[in-house]
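Report on the structure
So you can see what is in the structure, the chains are spelled out below.
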Amino acid sequence: ERKNVKESNRSDEKTIHMVYSIMKDGKLLEGEDSSLSKEHREYLHERGISDEDIERNEYFSFPTRKAKRKIIARLKKRGFDEDILIGIPGFYREVKKNKMTFSVIKGIGIPIYNANHRIVGIQIRRDEVKEGQSRYVWFSSAFAEMCDDLDSGTAQGAPVDVCIPEKMKTSTIFLTEGHFKADVLRKRFDSVSMSVQGIGNWQYIDQDIKVILQKYRGIKNVYVAFDADMAHNINVGLQAMKMTSFIQ
């Protein structure tokens, strides 16, 4: 009997954060002196991202196959057994080998934090993109539900990313598309900046906004800063209008 874990059966927020925090150390477990490879650091520099912001946002090179066994071993040592890992998006069981594992995707890991500053998802910027593939993908294991030799796949969903400034200087929340843009807004205006990963993925945005309003008094405005195609792409424009109405 197959035991598939749906998004609604995900592990709790604290557990997901603790597991993903160990995932970020994959390169260190391989014996490297940094969680981010030289090539990935150079790419981020080319995008204008400083070493300070790289460390602040904890970007990392996604673990290779070499690190898999070490990561699983460390998780088990910390008490994260199979019953816990089946509820973590990205992990699944290989039925024949009867062991927990995860898929390896070469690229930059981007921790997605919620308003409580807990990692609720990992987005990966692929190094290489084949025809028909997206550059950015979620660390998810929902695909396991469609494979007879895999079990316990868990969907990632589409968590909202929240970037908190070191010191709040504005009374505004910015809403944009994509983590990197949100972090630019956070740094430029010293404001809370949130991003959706895909224009239609805003259904739970109110949960993070409510937490932010409780933590930071005096916020008066919410600015929607979607891409410029909002002006002529009807789908983007409609989603922005729906999201704005929902927040209001």
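Here goes a summary of the coordinates provided. (Residues numbered from 1 in each chain as written. Predicted model: local features only at pLDDT ≥ 70, side-chain atom pairs only at ≥ 80, totals over all residues. Heavy atoms only, no water.)

In this section: the sheet that holds strand β9 (residues 172–177). Spatially, β8-β10-β9-β11 is the arrangement adopted by the 4 strands of the open sheet, whose pairing is mixed. Because the sheet does not close on itself, it has two edges, and the strands there are β8 (161–163) and β11 (221–225). Sheet twist, expressed as the mean angle between neighbouring strand axes with direction ignored, is 20°. As defined by bridge partners, β9 adjoins strand β10 (residues 192–196) across 5 bridges and the pair is classed as parallel. (Pairing = 2+ DSSP bridges. Helix = DSSP H or I, 4+ residues; strand = E, 2+ residues; numbered from the N terminus. Axes fitted to C-alpha atoms, helices over the stretch in contact; angles between N-to-C directions.)

What follows is about the environment of Asp-81. With respect to the helices and strands, the residue Asp-81 is situated in the loop between α5 (65–77) and α6 (82–85). A relative accessible area of 39% places Asp-81 in the partly exposed class. Sequence separation between Asp-81 and Lys-97 is 16 residues; the distance between their C-alpha atoms is 16 Å. (Buried < 20%, exposed > 50% of the residue type's maximum accessible area, 1.4 Å probe, protein only.)

Below, the discussion takes up unusual backbone geometry. Here the phi dihedral of Glu-58 falls at roughly 60°; this positive angle occurs in a residue that is not glycine. On the secondary structure map, Glu-58 appears in the loop between α4 (51–57) and β1 (60–61). Phi angles above zero are rare outside glycine, and His-117 is one such case at about 55°.

Reading across from one edge, β1-β4-β5-β6 is the order of the 4 strands in this open sheet, with antiparallel pairing throughout. The two strands at the open ends of the sheet, each matched to only one other strand, are β1 and β6 (136–138). Sheet analysis places strand β4 (residues 107–113) next to strand β5 (residues 119–126), joined by 7 bridges and oriented antiparallel. Bridged to Ile-112 within β5 is Gly-121. Lying over the sheet, helix α1 (residues 13–23) contacts β1, β4 and β5, oriented at roughly 35° with respect to β5. (Contact = heavy atoms within 4.5 Å.)

In terms of burial, β4 is largely enclosed, as 7 of its 7 residues are buried. As judged from the 2 bridges shared by β1 and β4, these two strands associate in the antiparallel manner. Across the sheet, the residue bridging to Ser-61 is Ile-108, located in β4. In sequence, β4 turns back onto β5 through a hairpin of 5 residues, with His-117 there showing a positive phi of about 55°.

Relative to each other, helix α8 (residues 205–215) and helix α9 (residues 234–247) sit at 45°, their axes nearing to 10 Å. Taken together, the axes of α8 and α9 are oblique relative to one another. Crossing hand, α8 versus α9: right-handed. Residue-level inspection shows Ile-205, Asp-206 and Ile-209 of α8 in contact with α9, the latter providing Met-243, Phe-246 and Ile-247. By residue class, the composition of the contact of α8 with α9 is 5 nonpolar, no polar and 1 charged. (Parallel < 35°, antiparallel > 145°, perpendicular 65-115°, else oblique. Left-handed = near helix turned anticlockwise from the far one by under 90°. Nonpolar A, V, L, I, M, F, W, Y, C, P; charged D, E, K, R; others polar.)

Keep in mind these numbers describe shape, not what the thing actually does.
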